[in-house]
Amino acid sequence: MTSTVPTKRHPNGQDDDNDDDDEEFTLPRNVEPKGYVDLDKVQQTSMESHLPSSNIGYRLLQKMGWKEGKGLGTLGQGRVDPIRIDLKQDSLGIGKAGQDQEYNESSASKRKALDSEKQLEETTEERQVRETKAMKQQEIQQELKEVKRAFYCELCDKQYNKVSEYDQHLQSYDHHHKKI
Ligand SMILES: [Zn+2]
């Protein structure tokens, strides 16, 4: 890419002196506002309809050498269409939804790797460690069940986890009421 600096010139290739069209055009100055703008009578643009050539902004741009369908750069470069507005309907911060989605996707794939893939790749030693760990966990659960059985009130069909809770229950109104 060459780095030539664009020379300032009239894009029409004409001198400003023999300008064809109009009377000297300037922005209205010292104009007092007379009231509210009647929006029904105002010409409005949209993404589909361009500014009319009677528009002040349009005429100012043309005065400065802009041509319809070209960008605003000195050589007509730049984007032609306005930036589309995407109305935000939620109350999330900008970029938050995308961030959440990214996080969810990455954590889901990570979990998959943890469970199934790791077991496939583990060595026999690692597998033994994992299996004994699981067995111990199971034994603990079984033991806990046995211990808890002592805190079970058959009369009321209620399971307690602590001896203090069980004792309290045995002395409670509910328990004695059932007994009678
Ligand atoms: Zn009881």
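The rules we used
Residues numbered from 1 in each chain as written. Predicted model: local features only at pLDDT ≥ 70, side-chain atom pairs only at ≥ 80, totals over all residues. Helix = DSSP H or I, 4+ residues; strand = E, 2+ residues; numbered from the N terminus. Buried ≥ 20, exposed ≤ 12 C-beta atoms within 10 Å, placed from the backbone. Contact = placed C-beta atoms within 7 Å.

If you check an unreviewed UniProt entry, the chain appears there as G-patch domain-domain-containing protein from Absidia repens.

**A short note on the overall build of the chain**
The secondary structure content of the chain amounts to five helices and two strands. Expressed as a percentage of its 180 residues, the buried residues of the chain come to 0%. Pairs at least 24 apart in sequence give 27% of the contacts found in the chain among residues at least 6 apart.

**Structural notes on the environment of Arg59**
Following the sequence through the fold, Arg59 ends up in helix H1 (residues 56-63). Residue Arg59 is classed as partly exposed on the basis of its C-beta count, with 16 C-beta atoms lying within 10 Å. Spatially, the C-alpha atoms of Arg59 and Phe25 are 8.2 Å apart, while their sequence positions differ by 34 residues.

**Observations concerning unusual backbone geometry**
In this structure, Asp157 is a non-glycine residue whose phi angle is positive, near 55°. Examined against the element boundaries, Asp157 turns out to sit in the loop between strand S1 (152-153) and strand S2 (158-159).

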